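Observations on chain architecture
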Amino acid sequence: MLAKIEELLQEVEGMSAGNAEELEALRIKYLSKKGAINALMADFRNVPADQKKEVGMRLNELKNRAQEKIAALKERFDNQDNNTEGIDLTRTAYPIELGTRHPLSIVRNEIIDIFGRMGFTIAEGPEVEDDLHVFTKLNFAADHPARDMQDTFFVESNAEDVTKNIILRTHTSSVQARVMEKTQPPIRVICPGRVYRNEAISYRAHCFFHQIEGLYVDKNVSFTDLKQVLLQFAQEMFGPETKIRLRPSYFPFTEPSAEMDISCDICGGKGCPFCKYTGWVEILGCGMVDPAVLDACGIDSKVYSGYAFGLGVERITNLKYKVKDLRMFSENDTRFLEEFESAN
Ligand code: DAH
């Protein structure tokens, strides 16, 4: 009998219940009329007289412990219930800290938005590219300095046939070539992406940066169309007072080619250190797609013409947010990144 009491005492001490039902089951098992403790009580009269005192004490102890234990467990559940009732479901939520968009993403999205409203859709291409799409199809002569080791990161170089070189793309113009290979006009795309150049890193140059390429090919596309689209873009991006100016330039894949300046956003065109006192800052390169490029990509240059442009996202972001050091875009300093709003 004593051994049985000890066994039950151990069980009672170790009791636990995950919910009210489990607790009720324990109560029934130990404390109900037909429970284990009552069964022992019923047996008590069979205990020899000389042991009655000790067994009686231990039995009472067992009963008390079981009652205490079950009361304590019950209290736990009751308190939990009270807590649930105490929850104020109308209280405003704790503020959730939102992350912020990277400034380059904010600007990229804004550029995509502006051109999207003018009917341009997005096209993408690989960052690890072949020479064929980065240079050859875009009319770069075999000895063009841009193919030089100094500018291009090589993944695999092929001495016999440079067009087979695998490189990190140096500009998003490669996506032009990919789109034209696959699609016949009308084509109206913008191609956002990361590009790589083997440059010494400083406040104004980095070994990777971001560009957005634009391409429009159809019948009768003229330089006037290009100019109007770029003016519209500049004024939506930098405000309706913004002026643009096109300067003749050279790119292998466009003829004629131009570079576009906008009136300096910082001094409003009066002249300041940012615009080197000229009142203008350069933001992109552009031109009419060279007929040789159209033909190399399988588009009949006698039927179609097109324009293209390429802009640097870092450049536009510098202007918009007055970030002077390019390196800040890739350092991931949260004090810098937190300054940009999370919307967008
Ligand atoms: N790919 C040129 C660069 O990286 C930018 C560019 C210039 C793109 C003129 C064009 C263009 O599409 O027409 O500097």
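Placed above this text is the structure.
Report follows, based on the coordinates. (Residues numbered from 1 in each chain as written. Predicted model: local features only at pLDDT ≥ 70, side-chain atom pairs only at ≥ 80, totals over all residues. Heavy atoms only, no water.)

Turning to the overall build of the protein, a few remarks are in order. Looking only at helices and strands, the protein has twelve helices and ten strands in total. Radius of gyration (C-alpha) of the protein: 39 Å, far over the 20 Å computed for a compact globule of 344 residues. With respect to the principal axes defined by its C-alpha atoms, the protein has extents near 120 × 55 × 40 Å. Taking all 344 residues of the protein together, 40% fall into the buried category. A separation of at least 24 residues holds for 67% of the contacts in the protein among residues at least 6 apart in sequence. For the protein, the distance from the average site of its 42 positive side-chain charges to the average site of its 53 negative ones is 5 Å. (Helix = DSSP H or I, 4+ residues; strand = E, 2+ residues; numbered from the N terminus. Rg over C-alpha atoms; globule rule 2.2 N^0.38 Å. Buried < 20%, exposed > 50% of the residue type's maximum accessible area, 1.4 Å probe, protein only. Contact = heavy atoms within 4.5 Å. Lys, Arg positive; Asp, Glu negative; His and termini not counted. Charge placed at Lys NZ, Arg CZ, Asp CG, Glu CD.)

Looking now at the site of the ligand. Around the ligand, a shell composed of 15 residues is seen, among which H171, S173, R197, Q211 and E213 lie nearest. Here S173 contributes a side-chain N or O atom positioned 2.9 Å from a nitrogen atom of the ligand. Here an oxygen atom of the ligand sits 3.4 Å away from a polar atom, N or O, in the side chain of Q176. Of all the elements in the fold, those that place two or more residues in the shell around the ligand are α7 (173-182), β6 (208-218), β9 (280-289) and β10 (305-312). Residue composition of the shell around the ligand, by class: five nonpolar, eight polar and two charged. (Near = heavy atom within 4 Å. Polar contact = N/O pair within 3.5 Å; in protein donor to acceptor, adjacent residues only side chain to side chain. Nonpolar A, V, L, I, M, F, W, Y, C, P; charged D, E, K, R; others polar.)

Here the focus is the pairing of strand β5 (residues 187-196). Extensive coverage of β5 is indicated by the burial of eight of its ten residues. Here two bridges tie strand β1 (residues 121-122) to β5, and the two strands are oriented parallel to one another. What sits directly across from I122, in β5, is I190. The pairing of β5 with β6 spans ten bridges and is antiparallel. Looking across to β6, one finds that Y196 is bridged to F208. (Pairing = 2+ DSSP bridges.)

Turning next to the environment of I106. Here I106 is to be found in helix α5 (residues 103-117). Taking relative accessible area as the criterion, I106 reaches 1% and is therefore assigned buried. With 211 residues separating them in the primary sequence, I106 and T317 have C-alpha atoms 8.8 Å apart.

The subject of this paragraph is the pattern of salt bridges. Here the structure, examined in full by the defined rule, presents 19 salt bridges. For the salt bridge of E6 with R58, the shortest nitrogen-to-oxygen distance reads 2.5 Å. With a gap of 52 residues between them, E6 in helix α1 (residues 2-13) and R58 in helix α4 (residues 49-86) connect regions that are remote in the sequence. Accessibility expressed as a relative area gives 32% for E6, which makes it partly exposed. According to the relative accessible area criterion, R58 is partly exposed, its value standing at 21%. Of the charged contacts in the structure, one is a salt bridge between R335 and D333, with a shortest N-O distance of 2.7 Å. Taking the relative accessible area as the measure of exposure, D333 reaches 27% and is therefore partly exposed. A single salt-bridge network, built from bridges that share partners, covers R245, R247, E259, D261 and E282. (Salt bridge = Lys/Arg side-chain N within 4 Å of Asp/Glu carboxyl O.)

Okay, the packing of helix α2 (residues 20-31) against helix α3 (residues 36-43) next. At a minimum axis distance of 4 Å, the contact between α2 and α3 shows a crossing angle of 5 degrees. Overall, the two elements α2 and α3 adopt an arrangement that is roughly parallel. Listed contacts from α3 to K29, Y30 and L31 of α2 are A36, I37 and N38. Looking at the contact of α2 with α3 residue by residue, the classes come out as four nonpolar, one polar and one charged. (Axes fitted to C-alpha atoms, helices over the stretch in contact; angles between N-to-C directions. Parallel < 35°, antiparallel > 145°, perpendicular 65-115°, else oblique.)

Geometrically, the link from P185 to P186 is a cis peptide bond, its omega value of 0 degrees lying close to zero. With respect to the helices and strands, P186 occurs in the loop between α7 and β5. Residue P256 is reached from E255 by a cis peptide bond, and omega for that bond is -5 degrees. Relative to the elements of secondary structure, P256 occurs in strand β8 (residues 254-263).

The next thing to look at is the side chain of R169. Position of R169 among the secondary structure elements: in the loop between β4 (166-168) and α7. It is E127 that comes nearest to the buried, bridge-free R169 among opposite-charge side chains, at 4.4 Å. A polar contact of 2.8 Å, which involves the side chain of R169, links it to the backbone oxygen of R194. Those residues in contact with R169, other than ones at most four positions away along the chain, are G125, P126, E127, E129, V134, S174, V175, G193, R194, V195 and Y196.

Another point: the sheet that holds β8. Reading across the sheet, the seven strands line up as β1-β5-β6-β10-β9-β8-β7 and stay open at both edges, with mixed pairing between neighbours. With partners counted over all chains shown, the strands left at the sheet margins are β1 and β7 (244-251), one partner each.

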